[in-house]
Amino acid sequence: MSYTRHRNFTTPRACATALLATGLLAGGLVTASAQEKSLEERDKLTGTWGGARTALEDKGIEIGVVYIGEVLGISGGAKPAGGTHATYEGRLDVTINTDLEKLVGWAGAKTHVRAFQIHSAQGQNAANYVGSIADPSNIDAYGTTRLFTAWFQQEFGTWGSIRLGQLAGDDEFLVSTTAGGLINGTFGWAAIMAANLPSGGPAYPLATPGVRLQVNPTENISLLGAVFAGDPAGKNCTSGNQQRDCNRFGTTFSLDGGAFWLGEAQYNFNQDKDATGLAGSYKVGAWYHTGDRFLDQYYQSNRSTDWGMYGVVDQMLWRGKDASTSIFVRGGWTPSDRNVVSWYIDGGVGFKGFVPGREADTLTIGVAHSKISREAAAYSFDNSALRRTGETVLEVSYIAQVNPWWTVQPDFQYIAKPAGGALRDDGSVVDDAYVFGVRTTITF
């Protein structure tokens, strides 16, 4: 994210000050005597920028800056046996959201832009060392500065909305709130999507042009339908690293690769912040892809079209004054002849506020299993006598809320049979992997 449009200002606060000078925040909304809360009390590290941030939000402009950094140590996995490898990866996340009703009087209209600066030590990350289908880190991506999503949304009261632009399916589909306490990528955009769709589908770090329609027949029921461009990497991309070679900066805006249709029905209740009942979310979804580059897992020739279905359960079991317990279960299926993962299931439990005096902390435990398709397993056996079965991930993660703008998250993962029992380059079987690490998240 650059702030150079306002002369040479390079920080959010300086940018806001420039807006003051141009009159956008004029009218007495910001005063020199604006008082900041202490570091321990404020919601964001940089506070309200002397009142400028609050004034921008009153005008309908919200600027968000978040940094995530993590150190992960890996034992086992795809690299030669013996020894432990360590990685560092970081992501600067900048968003600009506008409420056009506040800004220009356009009722129900909103815009959103999100960009990342992604970096890692020596260009290596946990996925390189583990060799698994499920990426050990949900911020893992090729190091670059990248546009992610950019869209316009028109809301129609409480009845629904339409969103169009560069969209990410994992923003709204297949989402489990409880699973969000884990850092392995499969607990977000599940492996049954990431491993089977071209370039991983419209999900971090590759969004794609699309349109999403949401209709809310009742207060608790929502119907979502979307169509995305079929391949986020772009036309004729055959590279093994689509993020680097085909859509490095997120600005390809490709409409190639067919169309990816995705629909989901949701039943949500007790979701409000002040709700006293047990919150629940139940979802069923299905997808269809019109592309023609789905590899037959046994004959190794391209096939046309692909499809699948999935379900999500996210249910709070108990709620106390400052604590709660929730569970999640997700599962999905795809045809085995053209997908490396034919079915998938994950589940887990989340505990919030169970440590006395630490009501904002969460402990989440999750397990995920990706089943290698029958045809993919048969091909491996016939060509290398390798019996591939499935990959299982166990993760335990604790998010400690140091203060409102800073969390520290120790994490442990055990990944059994990475890639379902794949081979290294030297012909030996990939070892089970142990991943130990810590993540820190700072909201600026």
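Before reading further, recall that the structure is shown in the block above.
Residues numbered from 1 in each chain as written. Predicted model: local features only at pLDDT ≥ 70, side-chain atom pairs only at ≥ 80, totals over all residues. Heavy atoms only, no water.

**Student:** Which parts of the structure should I look at to understand the overall build of the protein chain?
**Tutor:** Tallying secondary structure elements over the protein chain gives seven helices and 18 strands in all. The principal-axis extents of the C-alpha atoms in the protein chain amount to approximately 75 × 50 × 45 Å. A burial count over the protein chain gives 48% of its 444 residues as buried. Considering only intrachain contacts with a sequence separation of at least 6, the fraction spanning at least 24 residues in the protein chain is 64%. (Helix = DSSP H or I, 4+ residues; strand = E, 2+ residues; numbered from the N terminus. Buried < 20%, exposed > 50% of the residue type's maximum accessible area, 1.4 Å probe, protein only. Contact = heavy atoms within 4.5 Å.)

**Student:** I'm lost on empty space enclosed by the protein in this one. Help?
**Tutor:** In this approach a probe as big as a water molecule rolls over the atoms, and the regions it shows empty are the leftover space. Using the criterion set out here, one finds three cavities of 30 Å³ or more in the structure. Contributing to the lining of the largest cavity are T149, W151, R163, L167, A168, D171, E172, F173, R212 and F228. Among the elements of the structure, β4 (145-155) and β5 (160-167) are those that each provide at least two residues to the lining of the largest cavity. When its residues are assigned to classes, the lining of the largest cavity shows five nonpolar, one polar and four charged. (1 Å grid on protein atoms, 1.4 Å probe; cavity = no way out; pocket = protein on both sides within 12 Å on 5 of 7 lines; lining within 4 Å. Points joined across faces, edges and corners; volume = space filled by probe spheres on them. Nonpolar A, V, L, I, M, F, W, Y, C, P; charged D, E, K, R; others polar.)

**Student:** Can you help me understand the pattern of salt bridges in this one?
**Tutor:** A pair can form between side chains of opposite charge whenever their charged atoms are brought close. In total, this model carries 14 salt bridges according to the counting rule given. D296 serves as the salt-bridge partner of R303, at 3.0 Å between the closest nitrogen and oxygen. D296 gets classed as buried once you look at its relative accessible area, which sits at 6%. For the salt bridge of D431 with R424, the shortest nitrogen-to-oxygen distance reads 2.8 Å. With relative accessibility at 30%, the residue D431 sits in the partly exposed group. Taking the relative accessible area as the measure of exposure, R424 reaches 11% and is therefore buried. Several salt bridges share partner residues, and in doing so they unite D296, R303, D337 and R338 into one network. (Salt bridge = Lys/Arg side-chain N within 4 Å of Asp/Glu carboxyl O.)

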